[in-house]
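Residue-level structure breakdown
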Amino acid sequence: MQLAESAKNADASEFMHKIREAEYALQEGRRKKNIAGGRINGGLLEVYELENLVIISDLHGDSKSLFRILSEINYEQFLSKELNKLVFLGDYIDRGSDSLSIIYSVCYLKSTYPDSVIVMRGNHEAPGEFPFSPHDFPYEIEDRFGNRWREIYKEILSMFRLLTLATVVRQKLLLVHGGLPTEDAAAENFRESIAFAHESQVRNSVLEEILWNDPRQIDENKGQEKSRRGLGRYFGPNVTRTWLQATGAKAVVRGHEPCQGFRLDHDNMIMTLFSCSDVYPNSAAAYLMLNAAKLDTIKDAKELSVHVKFLA
Ligand SMILES: [Mn+2]
C-alpha cells in the first residue's frame, strides 16, 4: 500500500508537515462547528446523517492491522464519499513497534478526507494530563528522527489535544475510548460536559473518566468504584443506562481493553472493540462495518455485534 510506504519513508520535515495538516483540519472543524452530516462542539461530535460507518478501535503501534483494515474497506473509495464515516476510537501509540506509521497515516487520512474521518482521543493521547506507563512513544520518535524528536513529539501532543472525546452517531451509538463519566450531572448535561472537557488545564474528572474508565458488573446502588488502573473508575450498568437515556443512543462502543475482537457488557448495552493483535497475542483484532439502514435497526450492542469483522 502506497500509504504504508509514505508513512515508513517520511523524513522529519515531511512528518511535521503531515501533523500540522491534520491539526489544521481539526481546528477548522472546531471553528466551523460542523462536519458533513454532523455537528462539532469542542470535544463532542454528533453525526446525524451518514451512508456507511467503519469503527476502528485501539491500534497501539500495530500498523499491520491498520493497513489491513484500510485495504479491506478499500479506503480511498470509501473515504471519497463524505457521508461515509471512518471513526478511530483512540490509542494509536505505545506498546507496539510502529506507532509513527499509524500517526502519519491517521494525520494523512484526516487532512485528506476531513469530512469522512473522525479521530478520537484515547488515554495514550493524554500523557501530559494523566501520566501513565508504558509510554514508549517518545523513544520510538528519537530512534527514527534523532534530535528532532522533541519538536515532533511536542507537535503531536498539541494535535492530540484537538481530538474528539465522544461521538454520537445518529442517536444510535455513543462512542468513547474508555468509558462513561459516573456523575449524573455529566450525563444530564452531556453536550456541555463533553464539549468543554478538554479545555480545563487542571485534572478534570470528565476527561479522565472518558479516557480511562472500564465497564464492570457493579451493584446498582453503588454504581461505580475505584479502578485498579490508578486512573479513571469502574462503572456499572446503571451509569451506562443513564448515558443511553441522555443521548438517546441504543449502544455504547468503546475500546481500551484487549478482548477476542469484541466483548459485550451491561446486558448488551455496551460493546468493547479491539483492533490490534501484534502486542496482545491472546486477543483478536476486529473492526465494525455497517450501513445506515442496518444501523437504524440496531436495538442493542448484541445486534451490532453481527457487523464485527475479524482480521484473520
Ligand atoms: Mn486505552
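Residues numbered from 1 in each chain as written. Predicted model: local features only at pLDDT ≥ 70, side-chain atom pairs only at ≥ 80, totals over all residues.

**Let's talk about the pairing of strand β12 (residues 251–254)**
Residue alternation in β12 divides its side chains into two sets, Ala-251 and Val-253 and Val-252 and Arg-254, and both sets are buried. Pairing analysis gives three bridges linking strand β8 (residues 173–175) to β12, with the strands arranged parallel. Paired with Leu-175 across the bridge in β12 is Val-253. (Buried ≥ 20, exposed ≤ 12 C-beta atoms within 10 Å, placed from the backbone. Helix = DSSP H or I, 4+ residues; strand = E, 2+ residues; numbered from the N terminus. Pairing = 2+ DSSP bridges.)

**Focus on the sheet that holds strand β5 (residues 84–88)**
Taken together, five strands build an open sheet; the order of strands is β6-β5-β4-β15-β16 and the sheet is mixed. Among the strands making up the open sheet, the edge pair consists of β6 (117–119) and β16 (308–310). On average, each strand axis in the sheet is inclined to that of its neighbour by 20°, with strand direction left out of account. In this sheet, β5 lies alongside strand β4 (residues 52–56) in parallel orientation, the contact comprising five bridges. Residue pairing in the sheet places Val-54 in a bridge with Leu-86 of β5. (Axes fitted to C-alpha atoms, helices over the stretch in contact; angles between N-to-C directions.)

**Remarks on unusual backbone geometry**
In this chain, Ser-133 is followed by Pro-134 through a cis amide linkage whose omega measures 5°. The backbone phi angle of Asp-94 is positive, close to 70°, even though this residue is not glycine. Tracing the backbone through its elements, the reader meets Asp-94 in the loop between β5 and α5 (99–112). Classification of Asp-94 by C-beta neighbours within 10 Å gives buried; the count is 22. In this model, Asn-268 sits at a positive phi of 65°, which is unusual for a non-glycine residue. The exposure class assigned to Asn-268 is partly exposed, which follows from the 16 C-beta atoms found within 10 Å.

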